[in-house]
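Listed below, chain by chain, are the residues.
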There are 2 protein chains.
Amino acid sequence: MSENMNERQIPYKIYLEEHEMPRRWYNLRADMQNKPAPLLNPGTLQPMTAAELEGVFCAELVKQELDDSTAYFDIPEEILSFYKMYRPAPLVRAYCLEEKLKTPAKIYYKFEGNNTSGSHKLNSAIAQAYYAKKQGLKGVTTETGAGQWGTALSMACSYLDLDLKVYMVKVSYEQKPFRREVMRTYGASVTPSPSSETAVGRKILEEFPGTGGSLGCAISEAVEMAVTNEGYRYVLGSVLSQVLLHQSIIGLETKIAMDKYGIRPDVIVGCAGGGSNLGGLIAPFMGEKLRGEADYQIIAVEPASCPSFTRGKYVYDFCDTGMICPLAKMYTLGSGFMPAPNHAGGLRFHGMSSILSQLYADGLMEARAVGQTEVFAAAEQFARVEGILPAPESAHAIKGAIDEAMKCKETGEEKTILFGLTGTGYFDLTAYEKYHDGKMDDTVPTDEELRKGLAGVPQFPGNEV
Amino acid sequence: MSENMNERQIPYKIYLEEHEMPRRWYNLRADMQNKPAPLLNPGTLQPMTAAELEGVFCAELVKQELDDSTAYFDIPEEILSFYKMYRPAPLVRAYCLEEKLKTPAKIYYKFEGNNTSGSHKLNSAIAQAYYAKKQGLKGVTTETGAGQWGTALSMACSYLDLDLKVYMVKVSYEQKPFRREVMRTYGASVTPSPSSETAVGRKILEEFPGTGGSLGCAISEAVEMAVTNEGYRYVLGSVLSQVLLHQSIIGLETKIAMDKYGIRPDVIVGCAGGGSNLGGLIAPFMGEKLRGEADYQIIAVEPASCPSFTRGKYVYDFCDTGMICPLAKMYTLGSGFMPAPNHAGGLRFHGMSSILSQLYADGLMEARAVGQTEVFAAAEQFARVEGILPAPESAHAIKGAIDEAMKCKETGEEKTILFGLTGTGYFDLTAYEKYHDGKMDDTVPTDEELRKGLAGVPQFPGNEV
């Protein structure tokens, strides 16, 4: 088939066949010369051991978290079967967008939104649920803010008959009844956080009776529920290296599809919050770059209102606002940092995956911060010609890709641009409404606010902010 | 490839390649011995002429509406290009559902929800918008209730730079702000109906100041706006024969995919409101049945609260509540019939496609009415194992298919069941919430209510109720 590939028009959508789907996840850390710094126990400042982590996480996932030398992990058959429900995901040639922009660039995007959770989160949710089930656990706990991760995990747990307890930030619980309802459809129990079910929740409710909650507080409740209940563990949808491992399926599929049609990206663009999607998309390409086999320009696009790469510090910090999780070395705005209240969508985590942080520190990728209004303008432009209503998070990558395509228009370069379209915006229409009504604001944190956020970074030798 | 097909496992999802996609629509009427009865002018009771219809509809669409002998219509290149944005749609083997039901039946579904409108409606929306554009029109008008059709048409019009004015039933406009917002993203103007923009709207507002509106009223406003504005026409998303023609793409794609893998359905199940999806899905299969080449059991599933096939009369009736549209011969509950206010989702049209009505009258297909609660139970069961949250409308077909699969379990028959999964339920979560909270009711119309509804059927010789 490949001989006459050049003569053949590349289709709008490339779907791999089932037998072409990757059967192994790729662990990018194996090819990194400078490994990401290990998680530290905040009490001893020593690297977290497997035994310490297994109180909170499933044993198999702890193994994956700590392994920075095994390049490939076989995907268990049961997970492959689940993947076949919604994968392979299409690699789309954005013919209509190219035409609209009148750019000589060739634009491709990997679309991960063709499933009810509406995003790539399902790729790791099923893996984490599977290992929990295999370990004989009764269930898992987690937190959710915007709701994509909670929905994905509820789908995975329902499929495996695993109990799921989701702590949903109270203000989201009230403002996003539809997200809550999807999770209920999948049999998850969804509790607005802070709740009176946990000690930490009760304490917070007593101190701040009217609070709408926060992601940090929801994490604390979920972790408490996991460690105090026999047969439960806590799971997390981003930031961790295990999550990037599972998400490598995105990049691997993309690479196979591109190789099949002889396509080679010059620029790869992804949105960055905790790093799960970006890390997954770039994995095999960055692997080639690390091994000196190929070069790619890799661009992380983050919100200007939560700019961890572009304005954060590369130090050890807590992963949660409650300061109960291990310390991770990462670009961080401080675990107490909160993006402006009118920040729409996700990408609001104060830190960044340790893997991506190390790659960025080593100059192997770039980062750009973009404002909300321009992100929604790009989202709308994309929706009108490509027919997919993107999630606000994904729209950051669209904005980055359009910017690159417009540069090509100026220079005449025929670059091939690949970006990750992580999901759909069906549950984000309140944000779109704000945009249509001209009520979106582009407030970015002041230097003073950033200084305050970083004040919570733990101080020890070699970790000066 | 077909030689070793039997040895090969049928994949979870069959995607055709672009070059395998149908390039013609199929006009089922060409193979019908008993043609559907023509539309009548309500004033003269004579068949509507092209000239009469062209005041309201685009010329090319009028031609398609009146042509009951041409078997195939070429799909224009521009429409094919648009189709490639979201088609081919997958034909899914419901392995997970089969396993859950422990049925020997093989279940397949054609999934039409992989686009932002969330349903099959886009197949006809782009065709109607295309012909309007080609005719040099400025724009089109339409009504929308639940919002699927309005969204689909807004996507199509945005793509073609055509103005769109949607009259959205006021109560939906207020209860479904997200639907309204998607349409705005695609640049449509959305007006709650009744409005003060039209004479008919003002009249209704004066009579019933607090009314939440109705589909009938929204149709009347959209038609008035089209006929009183230079360069505008009215378009409709179901019932009409032209719509079934465009929707034949669903069945044609399904047939090609099944033939490719040597699959032959024994039973074909679809939900039925106005008939657009069911008519499209069954088209090529019914064609074979009409030509005596094959036999299939074909089942329409309708809501027990709006049971036009199972409890309606086969007579000439108005297509709209306002009684300004032509008369169509169809199974009808009377143009004044309104389903119970707590009826969830669409499928609330009082009549049925003339084509399907004739086929049903001729005994070529069956119909079943199902209750809301059992429909949502089927929807949830499906969502949990197949990972797609179905629209309430589509869930009627799921319920029908599950019933057939359970019969196979009893008899041991290994039937192949095909059903149409028309769309996703992301904007229908208020209905799911009702179901979860046990607040769904299964009221069906009383015989007295049906008698009242039919009282508005026009009385003339041969049209006795």
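Criteria and cut-off values
- Residues numbered from 1 in each chain as written.
- Chains lettered and ligands numbered in written order.
- Predicted model: local features only at pLDDT ≥ 70, side-chain atom pairs only at ≥ 80, totals over all residues.
- Heavy atoms only, no water.
- Helix = DSSP H or I, 4+ residues; strand = E, 2+ residues; numbered from the N terminus.
- Rg over C-alpha atoms; globule rule 2.2 N^0.38 Å.
- Buried < 20%, exposed > 50% of the residue type's maximum accessible area, 1.4 Å probe, protein only.
- Contact = heavy atoms within 4.5 Å.
- Lys, Arg positive; Asp, Glu negative; His and termini not counted.
- Charge placed at Lys NZ, Arg CZ, Asp CG, Glu CD.
- Buried area = accessible area lost by both parts, 1.4 Å probe.
- Salt bridge = Lys/Arg side-chain N within 4 Å of Asp/Glu carboxyl O.
- Polar contact = N/O pair within 3.5 Å; in protein donor to acceptor, adjacent residues only side chain to side chain.
- Pairing = 2+ DSSP bridges.
- Axes fitted to C-alpha atoms, helices over the stretch in contact; angles between N-to-C directions.
- Least-squares fit on C-alpha atoms with pLDDT ≥ 70 in both.
- Core = buried A, V, L, I, M, F, W, Y, C linked by side-chain atoms within 4.5 Å.
- Disulfide = S-S within 2.5 Å.
- Phe/Tyr/Trp six-rings, centres within 6.5 Å; stacked < 30°, edge-to-face > 60°.
- Lys NZ or Arg CZ within 6 Å of the ring centre and 35° of its normal.
- pLDDT = per-residue confidence, 0-100.

### Details of the overall build of chain A
Item 1. Regarding its fold elements, chain A presents 18 helices and 15 strands.
Item 2. A compact globule built from 465 residues should have a C-alpha radius of gyration of about 23 Å, and chain A, at 21 Å, falls within 12% of that.
Item 3. With respect to the three principal axes, the spread of C-alpha positions in chain A is 65 × 50 × 50 Å.
Item 4. Buried positions account for 64% of the 465 residues belonging to chain A.
Item 5. Looking at chain A alone, contacts between residues at least 24 apart form 77% of all its contacts between residues at least 6 apart.
Item 6. Taking the 46 positively charged and 58 negatively charged side chains of chain A as two groups, their mean positions are separated by 2 Å.

### A short note on the interface of chain B and chain A
Item 1. Counting residues at the interface gives 46 residues for chain B, matched by 46 residues for chain A.
Item 2. Among the residues of chain B in contact with chain A, Phe-178, Thr-185 and Tyr-426 of chain B are the three that bury the most area, contributing 16% of the side total.
Item 3. Counting across the chain B and chain A interface gives four salt bridges.
Item 4. The salt bridge involving Glu-433 of chain A is made with Arg-180 of chain B; its shortest N-O contact spans 3.1 Å.
Item 5. Run the count over chain B and chain A and you get 21 residue pairs in polar contact (both at pLDDT 80 or more).

### Some thoughts on the environment of Ser-193 of chain A
Residues and elements named next belong to chain A.
Item 1. Relative to the helices and strands, Ser-193 resides in strand β8 (residues 189–193).
Item 2. Classification of Ser-193 as buried rests on a relative accessible area of 0%.
Item 3. When residues no more than four places from it in sequence are discounted, the contact partners of Ser-193 are Tyr-167, Met-168, Val-169, Lys-170, Gly-212, Gly-213, Cys-217, Ala-218 and Glu-221.
Item 4. In terms of polar contacts, Ser-193 uses its side chain to reach the side chain of Glu-221, at 2.6 Å.

### Overview of the sheet that holds strand β1 (residues 13–14) of chain A
Residues and elements named next belong to chain A.
Item 1. Across the sheet, which stays open at both edges, the seven strands sit in the order β1-β4-β5-β15-β10-β11-β14 with mixed pairing between neighbours. Each of the sheet's edge strands pairs with one partner strand only, and the pair in question is β1 and β14 (366–370).
Item 2. Relative to strand β15 (residues 416–421), strand β5 (residues 106–111) is paired through six bridges, and the arrangement is parallel. Counted as the bridge partner of Tyr-108 is Leu-418 from β15.
Item 3. Taken strand by strand, helix α11 (residues 241–260) contacts β1, β4 (91–93), β5 and β15, and its axis lies near 135 degrees from that of β5.

### A short note on the sheet that holds strand β8 (residues 189–193) of chain B
All names here are of chain B.
Item 1. Strand order in the open sheet formed by four strands is β8-β7-β6-β9, and the pairing between neighbours is parallel. Two strands bound the open sheet, and with one partner strand each, they are β8 and β9 (232–234). Across the sheet, the axes of successive neighbouring strands diverge by a mean angle of 25 degrees, strand direction being ignored.
Item 2. Alignment of strand β7 (residues 163–169) against β8, held across five bridges, turns out to be parallel.

### Thoughts on the pairing of β5 of chain A
All names here are of chain A.
Item 1. For β5, the tally of buried residues reaches five of six residues, placing the bulk of the element in the interior.
Item 2. Where β4 lies against β5, three bridges are found, and the strand directions are antiparallel. Across the sheet, the residue bridging to Arg-93 is Tyr-108, located in β5.

### Comments concerning the relation of the copies chain B and chain A
In this arrangement, two copies of a chain are superimposed by a rotation about an axis accompanied by a shift along the axis.
Item 1. Expressed as a screw operation, the relation of chain B to chain A combines 0.0 Å of axial shift with a rotation of 180 degrees, fitting to an RMSD of 0.0 Å. These values place the two chain copies in the arrangement generated by a two-fold rotation axis.
Item 2. Residue by residue, 100% of the interface of chain B is reproduced at the interface of chain A, so both copies engage with the same surface.

### Observations concerning the pairing of strand β13 (residues 327–332) of chain A
Residues and elements named next belong to chain A.
Item 1. Of all the six residues making up β13, five are buried; the element is thus mostly covered by neighbouring parts of the structure.
Item 2. Judged from the six bridges that link them, strand β12 (residues 313–318) and β13 form a sheet pairing that is antiparallel. Paired with Tyr-316 across the bridge in β13 is Lys-329.

### Regarding unusual backbone geometry
Item 1. Residue Pro-194 of chain A follows Ser-193 of chain A across a cis peptide bond; omega there is 5 degrees.
Item 2. Note that the residue after Arg-87 of chain B, namely Pro-88 of chain B, is joined by a cis bond; omega there is -5 degrees.
Item 3. With respect to the element layout, Pro-88 of chain B can be found in the loop between α3 (77–86) and β4 (91–93).
Item 4. The phi dihedral of Lys-102 of chain A is positive, around 50 degrees, even though this residue is not glycine.

### Re the nonpolar core
The tendency in soluble globular proteins is for nonpolar side chains to be buried as a group.
Item 1. Counting residues in each nonpolar core, the largest one holds 250 residues, and the members touching the most others are Trp-25, Met-365 and Phe-419 of chain A together with Trp-25, Phe-309, Met-365 and Phe-419 of chain B.
Item 2. Sequence-distant contacts of Met-365 of chain B, defined by excluding residues within four places in its chain, comprise Leu-278, Ile-282, Met-286, Ile-298, Ala-300, Phe-309, Leu-356, Leu-359 and Tyr-360 of chain B.

### Digging into the state of the cysteines
Item 1. Going through the model one piece at a time under the given rule, you end up with zero disulfides over all chains.
Item 2. Considering cysteine sulfurs only, Cys-157 of chain B is the nearest to Cys-96 of chain A, which forms no disulfide, with 16 Å between them.
Item 3. Of the cysteine sulfurs around Cys-217 of chain A, a residue in no disulfide, the closest is that of Cys-325 of chain A, at 13 Å.

### Regarding the packing of aromatic side chains
Item 1. In the structure shown here, the tally under the stated rule is 41 aromatic pairs over all chains.
Item 2. Ring geometry for Tyr-26 of chain A versus Tyr-72 of chain A: centroids 5.4 Å apart, planes at 40 degrees, classification tilted. Pair noted here: Tyr-26 of chain A is in strand β2 (residues 24–26) and Tyr-72 of chain A is in strand β3 (residues 72–74), with a separation of 46 residues, a long-range link.
Item 3. Note on Tyr-26 of chain A: relative accessible area 2%, which makes it buried.
Item 4. Aromatic side chains Phe-376 of chain B and Tyr-432 of chain B sit 5.2 Å apart centroid to centroid with 80 degrees between the ring planes, which places their arrangement in the edge-to-face category. In this pair, Phe-376 of chain B sits in helix α15 (residues 372–386) while Tyr-432 of chain B sits in helix α17 (residues 429–436), placing the two residues 56 residues apart along the sequence. By the burial criterion, Phe-376 of chain B is buried, and Tyr-432 of chain B matches it.
Item 5. Members of the aromatic cluster, each reached through a chain of ring pairs, are Phe-82, Tyr-83, Tyr-86 and Tyr-159 of chain A.
Item 6. The residue whose ring lies beneath Arg-180 of chain A is Tyr-173 of chain A, and the NZ or CZ to ring-centre distance is 4.7 Å.
Item 7. Here the guanidinium or amino end of Lys-329 of chain B rests over the ring plane of Tyr-314 of chain B, the centre of that ring lying 4.7 Å away.

### Focus on the confidence of the model for chain A
Item 1. In this model, chain A carries an average pLDDT of 93, and 98% of its residues clear a pLDDT of 70 or more.
Item 2. Across residues 1–7 of chain A, confidence stays below pLDDT 50; counting only partners more than four residues off in sequence or on other chains, it has four contacts.

### A closer look at the pattern of salt bridges
Residues and elements named next belong to chain A.
Item 1. Tallying each qualifying case throughout the model produces 56 salt bridges over all chains.
Item 2. With a closest N to O distance of 3.0 Å, Glu-20 and Lys-260 form a salt bridge. A residue pair is termed long-range when its members are at least 10 positions apart, and Glu-20 in the loop between β1 and β2 and Lys-260 in helix α11 qualify at 240 residues.
Item 3. Overall, the relative accessible area of 22% leaves Lys-260 in the partly exposed class.
Item 4. Across the salt bridge formed by Glu-253 and Lys-110, the nearest N and O atoms sit 2.7 Å from each other. One end of the pair, Glu-253, is in helix α11; the other, Lys-110, is in strand β5, with 143 residues separating them in the sequence.
Item 5. Look at Glu-253 and you get buried, because its relative accessible area is 0%.
Item 6. Each of the salt bridges in this network shares a partner with another, and the network as a whole consists of Arg-87, Lys-110, Glu-112 and Glu-253.

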